[in-house]
Amino acid sequence: MRFEITGENRLGITRDVVNTLTLRGLDIRAFEVTPHHIYADIPAIGPDDFAELARCLMRVPGIRNAQPIDHLPTERRRAQLHATLAAMGDPVIAVNANGLIAQVNPAAQKIAGTSKQPLRDQPLTSILTEPDITTLRRAGFSQSEREVTLGGQTYLLQVEPIGRVEDGSPVHDTGPREDDAPWGGVLIFHRAARLGRVITALQDRNHTEFADIIGDSRALARVKTQAQRLAIVDAPLLILGETGTGKELFARACHRAGKRNDQPFLALNCAALPEGLAESELFGYAAGAFTSARRGGKPGLLELADGGSLFLDEIGELSPYLQAKLLRVLQDGRFRRVGGTEEIAVDVRIISATNRDLEAMSHDGTFREDLYFRLNVLGITLPPLRERREDIDALAHYFVARAARQTERPCPKIARDTLQWLVTRDWKGNVRELENTLFRAVALLDGDILAASDLQSAYGPHSASRRDAETASTPQNAPFQPEDAVPIVGSSQNTLESSLIDQALFCENHGAAMDLLEKSLLERLYPDYPSSRKLAARLGLSHTAVANKLRKYGIGT
């Protein structure tokens, strides 16, 4: 039976407890002492005998209590340690200062040993050629990550010393001593793919899915349905679309909906890096590949994404040399690092995207035709924003709310004429341009209502609406007119305006017709600008003039 004794922290109390136990002829299998606590394991004591033993122990001066326990502290810590090591997917090996293996987790035993020959008490050199134990001792069993080979596989090795207490202080706090040197070290072998999963978790905290893609238009719904079907097919996927249509968003959603959703998802913009840097980022480099190369080499994105997906954005900008190297990966899943001689095998799904016509580029020789066919096993084409104007309303509300959070201000209300103005734009930059325009407008907004006039100042002069292109005489910053609006859904708005004009035509004179149109204009704007001052600012009139008109037509009273 295991039991715990609590009492004073006086000199000789442990000796008195041991004497009491030995006088009763009890064999002590385990005995642990900490301040105010004594733990013992005595197999000969049963539950029925413990009550009498507890009474004897309580007669020892300073003893307050004795009670049974399930496990000794050392047993509990050992069980927790074994459970922790077993839960780690990466190999972990503990060695003593003499280079003998003291502890391994199941992952290390599986990779570097066999079930018939345990690694414990074996020399470290039997499974790892470098670093050797002399190098580890000289470094104090503390080294930055370096690349090593264990069981024929490549890992990043991290070494931590053993020989410090839980708070990180030296074992002896009375000053430096010879035996303050580490007792050994813990060797942790990180797989590149596991690091890739960590990077993915940090980069994609929201876990983008198809339900997160905003829009219910017919064009977008058709593409989302098609993408969901292709996502579960484990084959290369090519996403085509204009800039700003959300190609990476669809790539992440396809990864989440696919069979590799619990594996890494990493991305590389092929147009953002020169050829040499893009090659080292994609394929990694070996030790000593170039002057500034990191000691031990560096795994590339292909290794980090092993088992998962690699998104190559702007694939059309890839140089011919890198096109040839990527083709080899797609053909047999093997490649060499920059400056390396060993072939590395990976299992990665390539998802690529571009806003260029790869088929035409393959015909004129600027893009490898064989690579194009390898990339275009599966393909989707994203519609531009001008082909799904029905989604602008939902997108605008989402981007305005997010911009308000980012600029730390209350979310402004979107006026009705603002949505009408947004629908008239061509949005050459698609959703990204829409987002940037709304962010600028919210950041510069003074009031709590986002009007079309606020967007006109934020809208870039390089862009133009369809109506602006047709009517060159109309300046870009001209005040927005209701008749310029394109209805968001259906033609009910056009019908309403036509009916209003027909009513004005039947008025008895010009003044009555203008009153009718003016009243309709004020009635439509007042819900968005529910005060004479706000409405005056919107219309560019004086506060008094607008107040008189509101009283004249009985609006807001």
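Structure first, text after, so check above.
Described below are features of the structure shown in this document. For clarity, every value in this text was computed on a predicted model and none was experimentally measured.

What counts as what
Residues numbered from 1 in each chain as written. Predicted model: local features only at pLDDT ≥ 70, side-chain atom pairs only at ≥ 80, totals over all residues. Heavy atoms only, no water. Axes fitted to C-alpha atoms, helices over the stretch in contact; angles between N-to-C directions. Helix = DSSP H or I, 4+ residues; strand = E, 2+ residues; numbered from the N terminus. Parallel < 35°, antiparallel > 145°, perpendicular 65-115°, else oblique. Left-handed = near helix turned anticlockwise from the far one by under 90°. Contact = heavy atoms within 4.5 Å. Nonpolar A, V, L, I, M, F, W, Y, C, P; charged D, E, K, R; others polar. Buried < 20%, exposed > 50% of the residue type's maximum accessible area, 1.4 Å probe, protein only. Pairing = 2+ DSSP bridges. Expected span 1.5 Å × (residues − 1). Arc of directions from axis to C-beta. Salt bridge = Lys/Arg side-chain N within 4 Å of Asp/Glu carboxyl O. Phe/Tyr/Trp six-rings, centres within 6.5 Å; stacked < 30°, edge-to-face > 60°. Lys NZ or Arg CZ within 6 Å of the ring centre and 35° of its normal.

Remarks on the packing of helix α21 (residues 532-539) against helix α22 (residues 543-553)
Here is step 1: For the pair α21 and α22, the least separation of the axes is 8 Å and the interaxial angle reads 115°. Accordingly, the angle class assigned to the pair α21 and α22 is roughly perpendicular. As for how α21 packs across α22, the hand of that crossing is right-handed. In contact with Ser 532, Arg 533, Leu 535 and Ala 536 of α21, α22 contributes His 543, Val 546, Ala 547 and Leu 550.
Here is step 2: A class-by-class count of the residues in the contact of α21 with α22 yields 5 nonpolar, 2 polar and 1 charged.

Here's the deal with the pairing of strand β18 (residues 378-381)
Here is step 1: Where burial is concerned, the two faces of β18 differ: the one with Leu 378 and Ile 380 is buried and the one with Gly 379 and Thr 381 is not.
Here is step 2: Here strand β10 (residues 237-240) pairs with β18 via 4 bridges, running parallel. Across the sheet, Leu 238 pairs through a bridge with Gly 379, a residue of β18.

Section: helix α16 (residues 430-444)
Here is step 1: Taking 1.5 Å per residue, 15 residues should reach 21 Å; α16 reaches 22 Å between its end C-alpha atoms and fits that length.
Here is step 2: Among all positions in α16, only Asn 430, Val 431, Glu 433, Leu 434, Thr 437, Leu 438, Ala 441 and Val 442 are buried. Taken end-on, α16 shows its buried residues confined to a sector of 165°, consistent with a single buried face.

What about the pattern of salt bridges?
Here is step 1: Under the counting rule described, the total for this entry stands at 26 salt bridges.
Here is step 2: When the shortest N-O distance is used, the salt bridge between Asp 370 and Arg 368 registers 2.9 Å.
Here is step 3: Judged by relative accessible area, which is 31%, Asp 370 ranks as partly exposed.
Here is step 4: Where salt bridges share partners, they join Arg 328, Asp 332, Arg 334, Arg 336 and Glu 343 into one cluster.

A few points about the packing of helix α20 (residues 510-525) against α22
Here is step 1: Relative orientation of the contacting elements α20 and α22 amounts to 105°, with a least axis distance of 11 Å. Judged by the inter-axis angle, α20 sits roughly perpendicular to α22. Residues Asp 515, Glu 518, Lys 519 and Leu 522 of α20 form the contact with α22, whose own contacting residues are Lys 549, Lys 552 and Tyr 553.
Here is step 2: Class assignment of the residues belonging to the contact of α20 with α22 gives a composition of 2 nonpolar, no polar and 5 charged.

A short note on the sheet that holds strand β1 (residues 2-7)
Here is step 1: Taken in spatial order, the 4 strands of this open sheet run β2-β3-β1-β4, and their pairing is antiparallel. Two strands bound the open sheet, and with one partner strand each, they are β2 (30-34) and β4 (63-68). Each strand axis lies, on average, 15° off the axis of its neighbour in the sheet, ignoring direction.
Here is step 2: Summarising the sheet, β1 and strand β3 (residues 37-41) pair through 5 bridges and their orientation is antiparallel. Within the sheet, the bridge partner assigned to Glu 4 lies in β3 and is Tyr 39.
Here is step 3: Relative to β4, helix α2 (residues 47-58) is tilted by about 160°, and along the sheet it contacts β1 and β4.

A word on unusual backbone geometry
Generally, phi is negative for residues other than glycine and the peptide bonds are trans, each holding for most cases.
Here is step 1: In this structure, Glu 408 takes a positive phi of about 55° despite not being glycine.
Here is step 2: Its location among the elements puts Glu 408 in the loop between α14 (392-406) and β19 (413-414).
Here is step 3: The class of Glu 408 is exposed, set by a relative accessible area of 74%.

Notes on the environment of Leu 266
Here is step 1: By the element assignment, Leu 266 lies in strand β11 (residues 265-269).
Here is step 2: Classification of Leu 266 as buried rests on a relative accessible area of 3%.
Here is step 3: C-alpha separation for the pair Leu 266 and Gly 308, spaced 42 residues apart in sequence, amounts to 8.4 Å.

A word on the packing of aromatic side chains
Here is step 1: As enumerated under the stated definition, the model contains 6 aromatic pairs in all.
Here is step 2: Considering the side-chain rings of Tyr 372 and Phe 373, the 5.6 Å spacing of their centres and the 50° angle between planes classify their relative orientation as tilted.
Here is step 3: Directly above the aromatic system of Phe 283 lies the positively charged group of Lys 325, at a separation of 4.2 Å from the ring centroid.
Here is step 4: Over the ring of Trp 421 we find Arg 425, and its NZ or CZ is 4.4 Å from the ring centre.

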